[in-house]
Amino acid sequence: MMIPTVDIATRVYNHKWKIDPIVRSLIDTDFYKLLMCQSVFRNRPDVDVEFSLINRTKAIRLADLIDEGELREQLDHVRSLRLARGESTWLRGNTFYGKRQMFRSDFMTFLENLQLPEYELQKKDGQYELTFHGRWPEVMLWEIPALAIIMELRSRAVLRDMGRFELQVLYARAMTRLWEKIEALRALGPDLRIADFGTRRRHSFLWQDWCVQAMSEGLGNADQGGRFIGTSNCLIAMRRDIEAIGTNAHELPMVYAALADTDAELRQAPYKVLADWHEEHDGNLRIMLPDTYGTRGFLDGAPDWLAGWTGLRVDSGDPVAITEYAIAWWKSRGEDPTQKLVIFSDGLDVAEIKSLFERFRGRVKPSFGWGTLLTNDFRGLVPGDGLAPFSLVCKAVAANGEPTVKLSDNPAKATGPAELIEHYKQVFGVGEQAAQTVRV
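Worth saying up front: this structure is predicted, and the values here are computed from it rather than measured.

A. Quick look at the overall build of the protein. Scanning the protein from N- to C-terminus turns up 19 helices and 13 strands. In terms of C-alpha radius of gyration, the protein reaches 21 Å, essentially the compact-globule figure of 22 Å for 440 residues. By its C-alpha atoms, the protein is 60 × 50 × 45 Å across when sized along the principal axes. For the protein, with 440 residues in total, the buried portion stands at 58%. Long-range contacts, defined as pairs at least 24 residues apart, comprise 79% of the intrachain contacts of the protein with a sequence gap of at least 6. Accessible surface computed for the protein: about 17800 Å², of which carbon and sulfur atoms make up 47%. With 55 positive and 61 negative side-chain charges, the protein shows a separation of 3 Å between the mean positions of the two kinds.

Shown next, in the form of structure tokens:
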């Protein structure tokens, strides 16, 4: 089902939330959330989890910018959503990663009957404390809508007093900026492979949809020999008839680790996640995300069968050092790195994409998940830089009452109680780490 391009500036000028809700579908989410949800539904359906919003950019006082009543209206609207018949048909019958009926019948029945659970919202020190609690397969699907709502309400707050022509100029400038980026990427040649990963911190749904269309036209779709391989956003993928892209995320090892009873089980938790994943998926869905508790330690302790996986995703730390380490690791395990897919996805923009592509082309199969600076680059376009992107996450913070921990290859991204972070560092053998600025 194709939908026409809209005049974003006019829509922004005229919109009221009831006719232009921020989240308009349960599949206005990242594809990997649905893949992970099916795995959780199959393997750990009764785990009780808590998710919480975390604003890493404390200087942006969200509770001062966003009206609490508007926020509650948007959150309540998401709770009213149900999977539409056409969406269910698309998920049940479409081919994803070359596999038909990716989603099992029992999981689809669960999804078709799902209402997202209740939320808790309060203000503290200029920030919103937004939490979700309940069964893992239900609560986990709040993550992306919650982030999208907060991000777009912030955008709407900044744009609220702009006139029609001012909005037209703003979006014209943003469109020009993105098109110049696309032209620069096009110059890298036909071997480039890049996807939209920008749902969670997008400027708005309408803007993400425009960015996807621009990428599709400017770089060409991969199924027609182009460079653009698809979008993480399921709703946009369905409406624009392009590939839905995604694998798995830190959430799985974080929860599995929190459920461990001993340090030995804790050390094995990241591999247990992938063993469960291995039973369900093959091909390009067998992508490791090794940085939850340190990439080097993960690779050093990895079982031999993981070396045969299709590749890995680099999501924190120094991407050059990590990829070089992975290349050496594959060689040590008798694998050919030139046949391995490496997906870069951490704070990318054109300069980083160009540098990584040129360094690793021919040594691995580099691919790029371009996120915030694709779908939310309005830096310097309004007074006070009020639309500059910022780092907002929604993480699993507890599982069956036990706190979760994420270490990351960048200590600035670590989450969890301080004493548990130190314990996890000891268990996983994480030494000194160089902190890097978290841009987005």
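B. The packing of helix 4 (residues 68-80) against helix 8 (residues 143-159), seen in detail. In the contact formed by helix 4 and helix 8, the axes pass within 10 Å of each other and the chain directions differ by 145°. Between helix 4 and helix 8 the crossing geometry is right-handed. In this structure, helix 4 uses Glu 70, Leu 71, Gln 74, Leu 75 and Val 78 to contact helix 8, whose residues at the interface are Pro 145, Ile 149, Ile 150, Leu 153 and Arg 156. For the contact of helix 4 with helix 8, a count of residues per class yields 7 nonpolar, 1 polar and 2 charged.

C. How the structure looks around the pairing of strand 1 (residues 48-55). Sheet analysis places strand 1 next to strand 5 (residues 127-135), joined by 5 bridges and oriented antiparallel. Bridge pairing links Phe 51 to Phe 132 in strand 5. For strand 1 and strand 12 (residues 392-399), the ladder comprises 7 bridges, and the chain directions are antiparallel. What sits directly across from Asn 55, in strand 12, is Leu 392.

D. Spotlight on the sheet that holds strand 4 (residues 119-124). Reading across the sheet, the 5 strands line up as 4-5-1-12-13 and stay open at both edges, with antiparallel pairing between neighbours. The open sheet has two edge strands, strand 4 and strand 13 (402-403), and neither has a second partner. Where strand 12 lies against strand 13, 2 bridges are found, and the strand directions are antiparallel. Residue pairing in the sheet places Ala 398 in a bridge with Pro 403 of strand 13. Contacts between helix 4 and the sheet are confined to strand 4 and strand 5, with strand 4 contributing the most and set at about 165° to the helix.

E. View of the side chain of His 203. As for its placement among the helices and strands, His 203 is situated in the loop between strand 6 (194-196) and helix 10 (205-219). Aside from chain neighbours lying at most four places away, what touches His 203 is Met 151, Glu 152, Ser 155, Leu 159, Tyr 171, Thr 375, Asn 376, Phe 378 and Leu 387.

F. Region of the structure containing the sheet that holds strand 11 (residues 365-370). As summarised here, the arrangement of the 6 strands in space is 7-6-11-10-9-8, forming an open sheet in which the pairing is parallel. One side of each edge strand has no neighbouring strand; the edge strands of this open sheet are strand 7 (228-231) and strand 8 (287-288). With 4 bridges joining them, strand 9 (residues 311-314) and strand 10 (residues 341-344) adopt parallel strand pairing. Residue Val 314 lies in a different strand from strand 10, and its bridge partner there is Phe 344. Packing against the sheet, helix 17 (residues 350-360) makes contact with strand 6, strand 10 and strand 11, and its axis sits at approximately 170° to strand 11.

G. Spotlight on the packing of helix 2 (residues 31-43) against helix 12 (residues 251-258). Closest axis-to-axis distance for the helix 2/helix 12 pair is 11 Å, and the angle between their directions is 25°. Judged on the interaxial angle alone, helix 12 and helix 2 are roughly parallel. Contacts from Lys 33, Met 36, Val 40 and Asn 43 in helix 2 reach Glu 251, Leu 252 and Tyr 256 in helix 12.

H. Spatial organisation of empty space enclosed by the protein. With the rule as written, the count across this model stands at 6 cavities of 30 Å³ or more. Quantified by volume, the largest cavity comes out at close to 600 Å³. Broken down by secondary-structure element, the contributors of at least two residues to the lining of the largest cavity are helix 2, helix 18 (372-375) and strand 12. When residues in the lining of the largest cavity are grouped by element, the largest group, 4 residues, is from strand 12.

I. Quick peek at the pairing of strand 10. Neither face of strand 10 is open: one carries Leu 341 and Ile 343, the other Val 342 and Phe 344, and all of them are buried. For the crossover from strand 9 across helix 16 (residues 319-332) to strand 10, the handedness is right-handed. Of the strand pairs in this sheet, strand 10 and strand 11 are connected by 4 bridges, and their pairing is parallel. Within strand 11, the position partnered with Phe 344 by the bridge is Phe 368. With helix 17 bridging strand 10 and its parallel neighbour strand 11, the resulting β-α-β unit is right-handed.

J. Looking closely at the packing of aromatic side chains. What the rule picks out here adds up to 25 aromatic pairs. Aromatic pair Phe 31 and Phe 96: ring centres 5.0 Å apart, planes at 35°, arrangement tilted. With Phe 31 in helix 2 and Phe 96 in strand 2 (residues 95-96), the pair connects residues that are 65 residues apart, well separated along the chain. Accessibility assignment for this pair places Phe 31 and Phe 96 in one class, buried. Counting every residue linked through ring pairs, the aromatic cluster contains Phe 31, Phe 41, Trp 90, Phe 96, Tyr 97, Phe 103, Phe 107 and Phe 110.

K. The layout of surface pockets, seen in detail. Of the voids in this model, the largest pocket is the one considered here, and its volume is about 540 Å³. Considering the residues around the largest pocket, the lining is formed by 26 residues, among which Arg 193, Ile 229, Asn 284, Leu 341 and Ser 367 are closest to the centre. Breaking the lining of the largest pocket down by element, the ones donating at least two residues are strand 10 and strand 11. Counting residues per element, the lining of the largest pocket draws most heavily on strand 11, which supplies 5 residues.

The rules behind these values
Residues numbered from 1 in each chain as written. Predicted model: local features only at pLDDT ≥ 70, side-chain atom pairs only at ≥ 80, totals over all residues. Heavy atoms only, no water. Helix = DSSP H or I, 4+ residues; strand = E, 2+ residues; numbered from the N terminus. Rg over C-alpha atoms; globule rule 2.2 N^0.38 Å. Buried < 20%, exposed > 50% of the residue type's maximum accessible area, 1.4 Å probe, protein only. Contact = heavy atoms within 4.5 Å. Areas by Shrake-Rupley, 256 points an atom, 1.4 Å probe, with all protein chains shown as cover. Lys, Arg positive; Asp, Glu negative; His and termini not counted. Charge placed at Lys NZ, Arg CZ, Asp CG, Glu CD. Axes fitted to C-alpha atoms, helices over the stretch in contact; angles between N-to-C directions. Left-handed = near helix turned anticlockwise from the far one by under 90°. Nonpolar A, V, L, I, M, F, W, Y, C, P; charged D, E, K, R; others polar. Pairing = 2+ DSSP bridges. Parallel < 35°, antiparallel > 145°, perpendicular 65-115°, else oblique. 1 Å grid on protein atoms, 1.4 Å probe; cavity = no way out; pocket = protein on both sides within 12 Å on 5 of 7 lines; lining within 4 Å. Points joined across faces, edges and corners; volume = space filled by probe spheres on them. Right-handed = clockwise from strand over helix to strand, strands pointing away. Phe/Tyr/Trp six-rings, centres within 6.5 Å; stacked < 30°, edge-to-face > 60°.

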